[in-house]
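# Secondary and tertiary structure notes
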Amino acid sequence: MSRVTLQLLTLLWATTGTSTQTRSSCSVPLAEQPLVNGIQVLMESSGVNPAFPNPSILIAMNLAGAYNLEAQKLLTCKLVDSDTADLTIGQLALTIMALTSSCRDPGNKVSILQRQMENWPPSSLNSHASSFYGPSLAILALCQNNTETTLPIAVRFAKSLLDNSSPFNVDTGAVVTLALTCMYNKIPIDSEEGYRELFGQVLKNTVENISMRIQDNGIIGDIYSTGLAMQALSVTPERPNKEWNCQQTMDSVLDEIKEGKFHNPMSIAQILPSLKGKTYLDVPHVSCSPDHEVQPTLPNHPSPVPTSASNITVKYTINNQLRTVELRFNETINVSVKRGSVLLVVLEEAQRQNPTFKFETTMTSWGPMVSSINNIAENVNDMTYWQFLSGKTPLNEGVAAYIPFNHEHITANFTKY
Ligand code: B12
Ligand SMILES: *[C@@H]1O[C@H](CO)[C@@H](O)[C@H](O)[C@H]1NC(C)=O
Ligand SMILES: *[C@@H]1O[C@H](CO)[C@@H](O)[C@H](O)[C@H]1NC(C)=O
Ligand SMILES: *[C@@H]1O[C@H](CO)[C@@H](O)[C@H](O)[C@H]1NC(C)=O
Ligand SMILES: *[C@@H]1O[C@H](CO)[C@@H](O)[C@H](O)[C@H]1NC(C)=O
Ligand SMILES: *[C@@H]1O[C@H](CO)[C@@H](O)[C@H](O)[C@H]1NC(C)=O
Ligand SMILES: *[C@@H]1O[C@H](CO)[C@@H](O)[C@H](O)[C@H]1NC(C)=O
């Protein structure tokens, strides 16, 4: 392709890149709008925990148009005051984007992130794909602030992605696509062609891998990666070979919302922008004119299903066979819990009955994560963690959300990622 054609294309991409609607014509049908309002209201009310301010929720609120202006103000203030020393690269990046989406100056947080990314990758960088998730958010946040100073960092980032050979991860691929699309769209017009080729190559690989994960019903990866993947596919300058039916994806997501799969405020924060035709690339373009509080139309709630007081039995196994660890064990217990209890209740009941099953959790943006069982703790440097399975299938929700069924076999397996 000649240079002129490329530049023309780039211009085209640059103009369409900011408006996702022109790309993918898909939207929530009018009749389903109350359903979307419903999860937004849920996110805004239950997600604003003053002890654990979550920037992803503020971003989603601002992109969607907040209903609860009080919650929005509170969350913004908490994030302005947040101590950057306690944050990971990814959390810092989300905080900067959240403040930008509230039209606040992120202040010295940008230069702190910039410095951290200049020292990236750390010598201990593990090769797992998801270790690029946080750094991708950083490239995106820095790109939105100042593309020029971000170029050398983004080049290093893109090269280490090309060198990486670990299995593809849809969530990470989606954030990589958003970050490098931001860079790609802002490459100075008179700069070397090399940038366009490098970012274009990584985008092409990533988008190809995302499109290979589109299921027959339109879900991309799993239901909880679909929101980010929709954002990615709607902005990327590299079109996937496989045709993407955005409306089909949207309809499947709406079905899953009806099934009650989106209760976790964080899961709502990651799906909401796509339901509103927005992406993280729109963060710098949010208009912060003083709104009036709008009352959303909410769905007519189905009368709660009467839960029988009966108990169910869950078979629970804890298994540690990792060579690196001295203390191996493989213990199983049958526990009886009230029907409808979350998995966390099973763990608590097991711990109460037998001290071998004692466990600890760490609070995260997705809720409590099981960090240790029977004194064996996850470790970022070793890339170990407690994986939860139903039979042989890994769970796609955490212990505070997953509801086991009668006679289900749940295993916590100490493994590597
Ligand atoms: C990386 C990652 C992991 C790593 C985290 C460790 C690390 N140092 O990287 C590992 C492999 C340990 C992991 C484990 C699990 N994960 Co995970 N993980 C991710 C991923 C790809 C990126 C998270 C991230 O870096 N965020 C960026 C930083 C800035 O945000 P953060 O909030 O500080 O990140 C922390 C939390 O996200 C936490 N975390 C990661 N996964 C999970 C899952 C749950 C349920 C909780 C409570 C916390 C948690 O670890 C991060 C680093 O400390 C996300 C994808 C996504 N869309 O968010 C999935 C994701 C969050 N994980 C998911 C799941 C299901 C799990 C597991 C339950 C899988 C399983 N079957 O065991 C386990 C947790 C089990 C337990 N012990 O409680 C789902 C959650 C869906 C949901 N509705 O709850 C996601 C959305 C993936 C998906 N598309 O399905 N995960
Ligand atoms: C970039 O960050 C600085 C420092 O926080 C801020 O003053 C500036 O307005 C930001 N620029 C953009 C385009 O966001
Ligand atoms: C994605 O797929 C391409 C081939 O289509 C491959 O070369 C690449 O390594 C894969 N992984 C990633 C992370 O892009
Ligand atoms: C652990 O125990 C379970 C249930 O008793 C059994 O099915 C499994 O084979 C055991 N695994 C190992 C590695 O010993
Ligand atoms: C758990 O219950 C099943 C079926 O009721 C039984 O076969 C098994 O032996 C029990 N296991 C333990 C560890 O009590
Ligand atoms: C039912 O489950 C609860 C825990 O949820 C437990 O305390 C109780 O003992 C169980 N009842 C029976 C009959 O097993
Ligand atoms: C449990 O973890 C071990 C160690 O990583 C692994 O070899 C084994 O396949 C895992 N078991 C399951 C059921 O995933």
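Given the structure is predicted, the values throughout are model-derived calculations rather than measurements. (Residues numbered from 1 in each chain as written. Chains lettered and ligands numbered in written order. Predicted model: local features only at pLDDT ≥ 70, side-chain atom pairs only at ≥ 80, totals over all residues. Heavy atoms only, no water.)

On to the site of ligand 1, then. Among the 27 residues in the neighbourhood of ligand 1, the closest are listed as Q91, D222, Q270, S365 and L395. S225 is positioned with one of its backbone polar atoms (N or O) 3.5 Å from a nitrogen atom of ligand 1. One nitrogen or oxygen atom from the main chain of W386 is found 2.9 Å from a nitrogen atom belonging to ligand 1. For the shell around ligand 1, the elements supplying multiple residues, two or more each, are α5 (89–101), β4 (367–373) and β6 (384–390). A breakdown of the residues in the shell around ligand 1 according to their chemical character gives 13 nonpolar, 11 polar and 3 charged. (Near = heavy atom within 4 Å. Polar contact = N/O pair within 3.5 Å; in protein donor to acceptor, adjacent residues only side chain to side chain. Helix = DSSP H or I, 4+ residues; strand = E, 2+ residues; numbered from the N terminus. Nonpolar A, V, L, I, M, F, W, Y, C, P; charged D, E, K, R; others polar.)

The next thing to look at is unusual backbone geometry. Most of the time, phi is negative for any residue but glycine, and the peptide bond is trans. Cis rather than trans, the peptide bond between W120 and P121 has omega equal to 0°. With respect to the helices and strands, P121 occurs in the loop between α6 (109–118) and α7 (133–145). Phi angles above zero are rare outside glycine, and C103 is one such case at about 60°. Mapped onto the elements of the fold, C103 is located in the loop between α5 and α6. If you check the backbone angles, N375 has positive phi at about 70° while not being a glycine. Note that N375 resides in the loop between β4 and β5 (376–377). According to the relative accessible area criterion, N375 is exposed, its value standing at 54%. (Buried < 20%, exposed > 50% of the residue type's maximum accessible area, 1.4 Å probe, protein only.)

Let us look at the site of ligand 7. Around ligand 7 sit L322, N413, F414 and T415, and those are all the residues in its vicinity. A distance of 2.4 Å is found between an oxygen atom of ligand 7 and a side-chain nitrogen or oxygen belonging to N413. At 2.8 Å, a side-chain N or O of T415 approaches an oxygen atom of ligand 7. Tallied by class, residues from the shell around ligand 7 come to 2 nonpolar, 2 polar and no charged.

A few words now on α7. End to end, α7 covers 19 Å across 13 residues, agreeing with the expected 18 Å (1.5 Å per residue, within 8%). For α7, every residue scored as buried is listed here: G134, P135, S136, L137, A138, I139, L140, A141, L142, C143 and Q144. At its buried positions, α7 is contacted by α5, α6, α8 (147–163) and α9 (170–185). (Expected span 1.5 Å × (residues − 1). Contact = heavy atoms within 4.5 Å.)

For the rest of this paragraph, the subject is the state of the cysteines. One pass over the full model with this rule turns up 3 disulfides. Paired through a disulfide, C103 and C288 show a sulfur-sulfur distance of 1.9 Å. Handedness here is read from the sign of the S-S torsion; for C103 and C288, about 80°, the answer is right-handed. Note that C103 is positioned in the loop between α5 and α6 and C288 in the loop between α13 (265–275) and β1 (311–320), a separation of 185 residues in sequence. (Disulfide = S-S within 2.5 Å.)

Right, let's get into the pattern of salt bridges. Side chains bearing opposite charge may pair, as long as their charged atoms lie close to each other. Under the defined criterion, the tally for this structure stands at 4 salt bridges. One salt bridge connects E256 with K261, and the closest N-O pair in it is separated by 2.9 Å. Here K261 falls in the partly exposed class, since its relative accessible area comes to 34%. Here R352 ties to E349 by a salt bridge, and the two come within 2.8 Å at their closest N and O atoms. Here R352 pairs with E349, and both are found in helix α14 (residues 343–353), just 3 residues apart, close to one helical turn. Using a relative accessible area of 62% as the deciding quantity, one classes R352 as exposed. (Salt bridge = Lys/Arg side-chain N within 4 Å of Asp/Glu carboxyl O.)

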